[in-house]
Amino acid sequence: MYLNDYQTLLLLSRFKVPVVPYFLIDSLEKGGSLFKKHELTRGVVQEEGREDVVCETKEELEKRVCDACARNRQLLVRPVVDVDCEIYLAVLLDATLREHVVLTARGRVHERSQMASWELFKESIPVGKKLYTFQKNSLFRNLELPEAVRASYFLLLDRLLELYFSQEALLIEINPLLVTVDSKLCVPKAIIQIDDYALFRHSEMSYFSKKNEGHTKKQALSQQGLSYGSQGGDLGVLAVGDDFLFALFDLIKKKKGSIGSFISLPEREMEDLFWIGLQALLEDQMNALLISFFVGVQNRESFLKKLMAFLNTSHFRPIPLVLYTQAVSMSSVDAVLSSFHWPITVELTVDKAVSEAVQRAREMKYANFDR
Amino acid sequence: MPILIDSSSRLLFQGVHSEQDIYQLQQCIAYGSKFVGGIAPGKRGQELLGIPLFETVQEAKKKTGCTVSVLFTQKADIKEALLESLYSSLSCIVCLCEKVPLHDMVDVYSLSSCSRIVGPSSSGIITPGQCKAGRMPGYLFKEGCVGILSSSETFLYEAAIQTTKEELGQSTCLVQGVYPLPGLSLVAIADLFYKDVATKVILLLGSMTDRQVQQLIDWKEGKNLKPIVAYVTGSEESVLHQRRSLTQAGIFVTENISLLGTLSKKVLSL
């Protein structure tokens with residue numbers, strides 16, 4: 001989970017990391033009152049997903065604020081700071097080495113992966129989760145900063161590590177960290193990524209994650225553990241696992257099918273989420289649906305009965321369903337299949353299932369044209 | 001000699017709590033897996049499904065000689081369970097838990113070697129006809145010569161059905177799951193398959209990172225005794241590049257999941 005700009009600064013402040021003072025503006029009224037109160041005449045405007053803009057005049061600031069408010073966007077406005085130099089500082093989990101590291105460099109960094117080892121300085125964080133003094137000294141020496149900054153740099157490192165480990169972050173990146181002309185460090189903005197898998201241990205973070213929740217169909221389904229998308233075609237696909245979904249896409253494209261809406265279910269809780277996913281796809285009114293869903297032998301009959309009940313009582317227009325179950329044989333459930341009111345085909349090989357689904361979607365498309 | 005587990009493996013279970021866990025355990029026992037003990041703090045001396053329960057892994061190992069641990073443990077307690085199993089020097093640990101916090105795994109790896117952990121986010125291992133430690137339905141598999149490593153259960157079932165249909169069967173199959181910090185690496189597992197006498201073809205399925213692909217290519221150099229078949233998925237751009245690189249390294253790459261069985265049979269006859 002990535003925190004947005006405002007949440008990042010809030011969290012950093014909570015851990016006493018020196019941040020550049022900022023104002024959050026989410027309406028014209030708030031903007032107006034802040035400008036009056038603080039007599040803002042110049043500043044840096046920060047909008048999520050856009051480059052920061054330095055506004056040298058009050059008119060320019062006001063124009064930016066009005067424009068953002070008209071688009072219902074929040075802005076962070078901060079004063080322009082007199083900077084001596086900039087440095088790069090990050091604390092992150094290096095998945096290759098399986099360890100937490102601190103990275104630092106002189107100046108801003110544009111593409112970390114392209115940097116040479118003499119440009120990007122690294123220290124591994126020991127098991128005790130604090131850097132040793134010699135490690136901090138090594139990082140500081142490489143940066144060639146004024147001596148007056150040393151103590152505050154060391155303190156900043158300690159506080160960032162405290163935040164990183166206590167909140168189980170995967171990344172804290174400050175790019176750039178400002179060193180002011182009076183030898184103070186301050187953070188204008190940062191990127192913080194928190195481990196989603198650890199959120200159950202951090203109830204305070206769940207407040208942030210709720211704030212970041214969106215309201216589109218994709219986001220709503222994602223919150224339930226389903227991956228949803230659409231490629232604009234007319235064949236809907238429901239599969240278990242993203243990997244298998246991609247594999248079905250490969251086959252559908254080979255058979256000149258047109259992929260429409262698709263959903264992948266997580267492999268563990270698939271049975272509960274199957275009905276939500278199926279409903280979501282039926283709502284999109286595809287011409288046919290390909291469902292790839294493994295059901296164990298003992299549950300096959302009851303699953304098909306449930307599916308039949310679901311479809312027969314739904315208000316959706318019946319469309320061809322092709323069911324691929326990775327089974328060896330489905331003969332034991334012939335009686336159940338024959339009582340479906342929806343046109344359902346069961347295939348035992350993935351190749352036939354995809355061919356059948358593509359064919360059915362095409363037939364429905366032409367049938368719709370004729371109407 | 002199958003990799004990781006076989007008919008002589010003595011298994012231990014940890015963290016069995018829910019009905020679903022008990023069902024999976026029952027299925028493993030019905031398949032023929034030799035579970036010799038279970039860990040349930042506070043229940044020493046009791047039994048679950050006829051299997052004696054112990055307080056700690058050390059105690060269980062001393063009394064039963066167990067060699068493999070299957071962790072059904074939930075993510076809140078998984079770090080402790082993993083460390084306990086690693087400190088007890090079990091030869092293989094199958095971690096079925098999903099979405100393990102990454103900081104916990106970094107702590108585990110910093111304190112002990114990861115070379116015996118299958119998972120996290122694994123669905124388990126099966127050596128057909130001998131032993132099953134996981135969630136996969138045993139009836140889909142047949143004893144044979146194809147070693148399968150998959151990133152997802154669905155791919156594994158597909159590959160198992162196809163290779164069984166082609167009369168090849170499987171030597172050992174495992175699902176490593178998609179997790180940023182796996183224990184046993186893709187290359188380590190491929191190497192185990194390569195050294196396994198029973199495995200004649202190695203089948204690698206699912207999503208791979210570019211780094212994993214490069215490591216596989218580096219490992220593959222000079223190893224031509226056993227064919228390797230790969231089916232990789234992911235975003236179109238990265239997959240095209242990966243498929244090309246793997247093909248250039250001498251790995252047989254298919255772009256069609258319905259051809260896993262036929263291609264495995266074909267490369268075996270080369």
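You'll find the structure just up there.
Here goes a summary of the coordinates provided. (Residues numbered from 1 in each chain as written. Chains lettered and ligands numbered in written order. Predicted model: local features only at pLDDT ≥ 70, side-chain atom pairs only at ≥ 80, totals over all residues. Heavy atoms only, no water.)

Turning next to the overall build of chain B. Scanning chain B from N- to C-terminus turns up nine helices and 14 strands. The buried share of chain B, reckoned over its 270 residues, is 60%. Taking contacts inside chain B between residues at least 6 apart in sequence as the whole, the part at least 24 apart equals 68%. Accessible surface, chain B: about 10,600 Å² in total, of which carbon and sulfur atoms supply 53%. Across chain B, the 25 positively charged side chains and the 25 negatively charged ones have centroids separated by 5 Å. (Helix = DSSP H or I, 4+ residues; strand = E, 2+ residues; numbered from the N terminus. Buried < 20%, exposed > 50% of the residue type's maximum accessible area, 1.4 Å probe, protein only. Contact = heavy atoms within 4.5 Å. Areas by Shrake-Rupley, 256 points an atom, 1.4 Å probe, with all protein chains shown as cover. Lys, Arg positive; Asp, Glu negative; His and termini not counted. Charge placed at Lys NZ, Arg CZ, Asp CG, Glu CD.)

Let us look at the sheet that holds strand β4 (residues 75-78) of chain A. All names here are of chain A. Spatial ordering of the open sheet is given by β1-β4-β2-β3, a layout of four strands whose pairing is antiparallel. Both outer strands of the open sheet, β1 (23-25) and β3 (53-55), are each paired with one neighbouring strand and no more. Direction aside, neighbouring strands of the sheet carry axes that sit 30° apart on average. Here three bridges tie strand β2 (residues 43-46) to β4, and the two strands are oriented antiparallel to one another. Pairing of Val 45 across the sheet is with Val 77, part of β4. Packed on one face of the sheet, helix α3 (residues 58-70) meets β1, β2, β3 and β4 and runs near 135° to β3. (Pairing = 2+ DSSP bridges. Axes fitted to C-alpha atoms, helices over the stretch in contact; angles between N-to-C directions.)

Turning next to helix α9 (residues 260-268) of chain B. Taken together, the buried positions of α9(B) are Leu260(B), Gly261(B), Leu263(B), Ser264(B) and Val267(B). Its buried side turned inward, α9(B) meets α5 (153-165), β12 (201-207), β13 (228-233) and β14 (252-253) of chain B.

Attention shifts here to the interface of chain B and chain A. Contact residues are listed per partner, giving 52 residues for chain B and 43 residues for chain A. A buried area of about 3,700 Å², summed over both sides, lies between chain B and chain A, and 55% of it is on carbon and sulfur atoms. Ranking the residues of chain B by area buried against chain A places His103(B), Tyr139(B) and Thr154(B) at the top, with a combined share of 18%. Where chain B meets chain A, there are five salt bridges. Among the salt bridges present, the one from Arg243(B) reaches Asp250(A), with a minimum N-O distance of 3.0 Å. (Buried area = accessible area lost by both parts, 1.4 Å probe. Salt bridge = Lys/Arg side-chain N within 4 Å of Asp/Glu carboxyl O.)

Right, let's get into helix α8 (residues 236-248) of chain B. In a regular helix each residue adds 1.5 Å, so 13 residues correspond to 18 Å; α8(B) covers 19 Å between its end C-alpha atoms and thus fits that length. Turning to α8(B), its buried residues number three or more, namely Val239(B), Gln242(B), Arg243(B), Ser245(B) and Leu246(B). Summarising the axial view, the buried residues of α8(B) lie within an arc of 165°, below the 170-degree limit, and thus occupy one face. Seen from the open side of α8(B), the exposed residues pointing more than 90 degrees away from its buried face are Glu236(B), Glu237(B), Arg244(B) and Gln248(B). Where α8(B) is buried, its residues meet α8 (242-254) of chain A together with α7 (210-220), β13 and β14 of chain B. (Expected span 1.5 Å × (residues − 1). Arc of directions from axis to C-beta.)

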